[in-house]
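For reference, the chains in residue letters:
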Amino acid sequence: PAVVPVGSRMTIQLPGQPSPTPSASATTGPKLVAFLGDSYAFGHGASGPSKRWTDLVSLKQGWVEENLSQEDTNYSTAGADSFTSYRARLGAVVATGAQIVVVSGGRNDVSVGAAQFRGDVRAIFAGIRAGLPRARLIVVSPTWGNDPVPERVTVLISIVKAEAQRAGATYLDIGEPLFGHSSMMDVDGWHPNDAGHAAIAAAVEKALA
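A few points on the structure. (Residues numbered from 1 in each chain as written. Predicted model: local features only at pLDDT ≥ 70, side-chain atom pairs only at ≥ 80, totals over all residues. Heavy atoms only, no water.)

### Quick notes on the overall build of the chain
Which entries qualify depends on this criterion: We count a stretch as a helix when DSSP gives it H or I for four or more residues in a row; a strand needs E for two or more, and each element gets its number in order from the N terminus. Buried means the residue's accessible area, taken with a 1.4 Å probe over protein chains only, is under 20% of the maximum for its type, while exposed means over 50%, and partly exposed covers the values in between. Every residue pair with non-hydrogen atoms within 4.5 Å of one another is taken to be in contact.
Of regular secondary structure, the chain possesses seven helices and nine strands. Burial analysis of the chain (209 residues in total) assigns 43% to the buried set. Of all intrachain contacts in the chain linking residues separated by at least 6 positions in sequence, the fraction that spans at least 24 positions is 72%.

Okay, structure coming up:
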């Protein structure tokens, strides 16, 4: 007899018997979600991982989270010298086998030209589509923070939206949940604190609904 895996269980298959099929519970469990983003999605400013917006959304949606976000990263290969592009983690995203991929960020690309930015965003979405063709791709609109949004960021937002739609992704326009709320910012004035992460999570959940 052969040992045949079924979900997380092992069953014995006798000669001549048909191969067992996965049970409903093995195929309809919580969805594995990979997050690809910058310091906001990484959780900078939150008092702990459970307070970052990605964890709050995952808990609300019943997702199993695999967070591949990192500090000092962005969409583009032409950002600040200390930054690395999301492309560096495409292999890690694909390796998760995630059923949903959530991509966020964009504020770190403020110095990148529009044409360069568009090409990099398109390449990242295409890479996810190629590696995980059956996954649902969700793209969260770039946000700026407590201060007024610079015109250059407005341009980046429009590019991310257009490329998300081009890739057949679900685009979540969450607006600027931190704008005008200094109490939601960390002491560095650049990243959200627990209240800020909660505000971003609420905006994402509202857009998903």
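### A few points about helix 6 (residues 151-166)
Heads up, the rule is: Expected helix span is taken as 1.5 Å per residue step, with the number of steps being one fewer than the number of residues. Here, the arc refers to the directions that run from the helix axis to the C-beta atoms.
If you check helix 6, its first and last C-alpha atoms are 23 Å apart, about what 16 residues at 1.5 Å a residue would give, namely 22 Å. All of the buried residues along helix 6 are Val153, Leu156, Ile159, Val160, Glu163 and Ala164. What you see down the axis of helix 6 is that its buried residues fit within an arc of 130°, all on one side. Facing away from the buried surface of helix 6 by more than 90 degrees, the exposed residues are Glu151, Gln165 and Arg166.

### Some thoughts on the side chain of Asp38
Operational definition: His is not counted, nor are the chain ends, whereas Lys and Arg count as positive and Asp and Glu as negative. Salt bridges are identified by distance alone: a Lys or Arg side-chain nitrogen within 4 Å of an Asp or Glu carboxyl oxygen. Definition of a polar contact: a pair of N or O atoms within 3.5 Å, with one able to donate and the other able to accept a hydrogen when the atoms are protein atoms, and with sequence-neighbouring residues admitted only if both atoms are side-chain atoms.
As for its placement among the helices and strands, Asp38 is situated in the loop between strand 3 (32-36) and helix 2 (39-42). The side chain of Asp38 sits in the buried core without any salt bridge; Arg107 is the nearest counter-charge, 5.7 Å away. A polar side-chain atom of Asp38 sits 3.1 Å from the main-chain amide nitrogen of Tyr40. Asp38 has contacts with Ser69, Gln70, Thr73, Tyr86, Ser104, Gly105, Gly106, Arg107 and Asn108, leaving out every residue within four places of it along the chain.

### Focus: the pattern of salt bridges
Evaluation of the coordinates by the stated rule reveals five salt bridges. Among the ionic pairs, Arg87 bridges to Asp120, the shortest N-O distance being 2.6 Å. With a gap of 33 residues between them, Arg87 in the loop between strand 6 (84-85) and helix 4 (90-96) and Asp120 in helix 5 (residues 114-131) connect regions that are remote in the sequence. Judged by relative accessible area, which is 37%, Arg87 ranks as partly exposed. For Asp120, a relative accessible area of 2% translates into the label buried.

### Some remarks on the packing of aromatic side chains
Counted only if it meets this: A pair of Phe, Tyr and Trp rings is counted when the ring centres sit within 6.5 Å of each other, with Trp represented by its six-membered ring. The angle between the planes then sorts it: under 30 degrees is stacked, over 60 is edge-to-face, the rest tilted.
Summed over the entire model, instances satisfying the criterion amount to six aromatic pairs. Taken together, a centroid distance of 6.4 Å and an interplanar angle of 50° make the contact between Phe35 and Trp63 tilted. Taken together, the residues span a long stretch of sequence, with Phe35 in strand 3 and Trp63 in the loop between helix 3 (53-61) and strand 4 (64-67) at a distance of 28 residues. Each member of the pair Phe35 and Trp63 is classed as buried. On the numbers, 6.1 Å between centres and 85° between planes, the contact of Tyr75 with Phe125 is edge-to-face. Of the two residues, Tyr75 sits in the loop between strand 5 (73-74) and strand 6 while Phe125 sits in helix 5, which places them 50 residues apart along the sequence. The exposure class of Tyr75 is buried, given its relative accessible area of 0%.

Geometric values such as these leave the question of function open.
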